[in-house]
Amino acid sequence: QAMGARLMVVSAQMRLQPERRVELAEAEVRRLTETKNGRLEDMAYWLMREKLNDQLLKLVPKELAAQSRELYPILVQTLSQAERWEELQGVLKIPNPPVSATLLDLAMAEVLSHVQPDMRESRRLLQGTVINAAQTGDVATLQVAAALAEKLNFADVSSQAYRAAGMKAAENNASAAA
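These notes cover the structure that comes with them. (Residues numbered from 1 in each chain as written. Predicted model: local features only at pLDDT ≥ 70, side-chain atom pairs only at ≥ 80, totals over all residues. Heavy atoms only, no water.)

**Things to note about the overall build of the chain**
- Of regular secondary structure, the chain possesses 11 helices and 0 strands.
- The C-alpha extent of the chain, read off along each of the three principal axes, is 50 × 45 × 30 Å.
- Taking all 178 residues of the chain together, 40% fall into the buried category.
- For the chain, contacts bridging at least 24 residues in sequence account for 52% of all contacts bridging at least 6.
- Here the chain displays about 10,200 Å² of accessible surface, and carbon together with sulfur accounts for 52% of that area.
- Charge-centre separation for the chain: the mean point of 21 positive side chains lies 2 Å from the mean point of 22 negative side chains. (Helix = DSSP H or I, 4+ residues; strand = E, 2+ residues; numbered from the N terminus. Buried < 20%, exposed > 50% of the residue type's maximum accessible area, 1.4 Å probe, protein only. Contact = heavy atoms within 4.5 Å. Areas by Shrake-Rupley, 256 points an atom, 1.4 Å probe, with all protein chains shown as cover. Lys, Arg positive; Asp, Glu negative; His and termini not counted. Charge placed at Lys NZ, Arg CZ, Asp CG, Glu CD.)

And the structure:
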């Protein structure tokens, strides 16, 4: 908890002194690596949230992230933020990743939209994700898939995902009210 509070203070300092962002972040990374006081996962999440992609990629080895349920999504998000699509595609193809196939499909749909001009595979991955999420009632995944489909100009897929998310959310609300 102390590390979380400390990082919140550093984030505030970064907003007040934007010219010192990198310097402040590197000091926190050094503090973690020298003192071992804190969790790598917390530092990685903070760096991702602050969009300090280079610092995160230096701190977290891909091999370690590929085995960690907490670090893998952070690495995926960071590579996406940095628009390092080919590198992200390689990370998504690592055998036995520690995340769901749904997360992989969503990430791969976005990656493919950047690395190849033909959008059919991105569309196929998104449609499959929407169908699976609708069947399992996963509203959060439906919302993420809808937003990505919208971003990729797949209006029909986006509409299908939003509709399914709305129906499931209404069903959940009706169940909770009863």
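**Some remarks on the environment of leucine 40**
- Turning to its location among the elements, leucine 40 is positioned in helix H3 (residues 40-49).
- Apart from the residues lying within four places of it in its own chain, the contact partners of leucine 40 are Leu32, Leu59, Val60, Leu64 and Leu71.

**Quick notes on the nonpolar core**
- If you look at the biggest cluster of nonpolar residues, it comprises 53 residues, and the most contacted ones within it are Met43, Trp46, Leu47, Leu56, Leu92 and Leu126.
- Residues in contact with leucine 56, not counting those within four places in the same chain, are Ala44, Leu47, Met48, Ile74 and Thr78. (Core = buried A, V, L, I, M, F, W, Y, C linked by side-chain atoms within 4.5 Å.)

**Here's the deal with the side chain of serine 68**
- With respect to the helices, strands and loops of the structure, serine 68 is situated in the loop between helix H5 (62-65) and helix H6 (71-81).
- A distance of 3.0 Å separates a polar side-chain atom of serine 68 from the backbone nitrogen of leucine 71.
- The contacts of serine 68, once residues within four sequence positions are left out, are Pro73 and Pro98. (Polar contact = N/O pair within 3.5 Å; in protein donor to acceptor, adjacent residues only side chain to side chain.)

**Concerning unusual backbone geometry**
- With a phi close to 55°, lysine 36 is a non-glycine residue in the positive phi region.
- Relative to the elements of secondary structure, lysine 36 occurs in the loop between helix H2 (21-35) and H3.
- For glutamate 83, which is not glycine, the phi dihedral falls at a positive 55°.
- Mapping glutamate 83 onto the fold places it in the loop between H6 and helix H7 (85-92).

**With respect to the pattern of salt bridges**
- Taken as a whole, this structure holds 15 salt bridges when the rule is applied.
- Among the ionic pairs, arginine 84 bridges to glutamate 87, the shortest N-O distance being 2.8 Å.
- Among the residues examined, glutamate 87 registers a relative accessible area of 24% and is labelled partly exposed.
- Residue aspartate 156 pairs with arginine 123 through a salt bridge whose shortest N-O separation is 3.0 Å. Highlighted residues: aspartate 156 in helix H11 (residues 155-177) and arginine 123 in helix H9 (residues 120-136), separated in sequence by 33 residues.
- By relative accessible area, arginine 123 is classed as partly exposed at 26%.
- Each of Arg39, Glu41, Asp42 and Glu70 takes part in a single network of salt bridges with overlapping partners. (Salt bridge = Lys/Arg side-chain N within 4 Å of Asp/Glu carboxyl O.)

**Considering helix H1 (residues 2-16)**
- Taking 1.5 Å of rise per residue, 15 residues should cover 21 Å, and H1 covers 21 Å from first to last C-alpha, within 8% of that figure.
- Those residues of H1 that fall on the buried side of the exposure criterion are Met3, Leu7, Val10, Ser11 and Met14. Within H1, the buried residues cover an arc of 105° as seen down the axis, which keeps them to one side. Turned more than 90 degrees away from the buried face of H1 sit Ala2, Met8, Arg15 and Leu16, all of them exposed.
- Contact partners of the buried residues in H1: H2 and H3. (Expected span 1.5 Å × (residues − 1). Arc of directions from axis to C-beta.)

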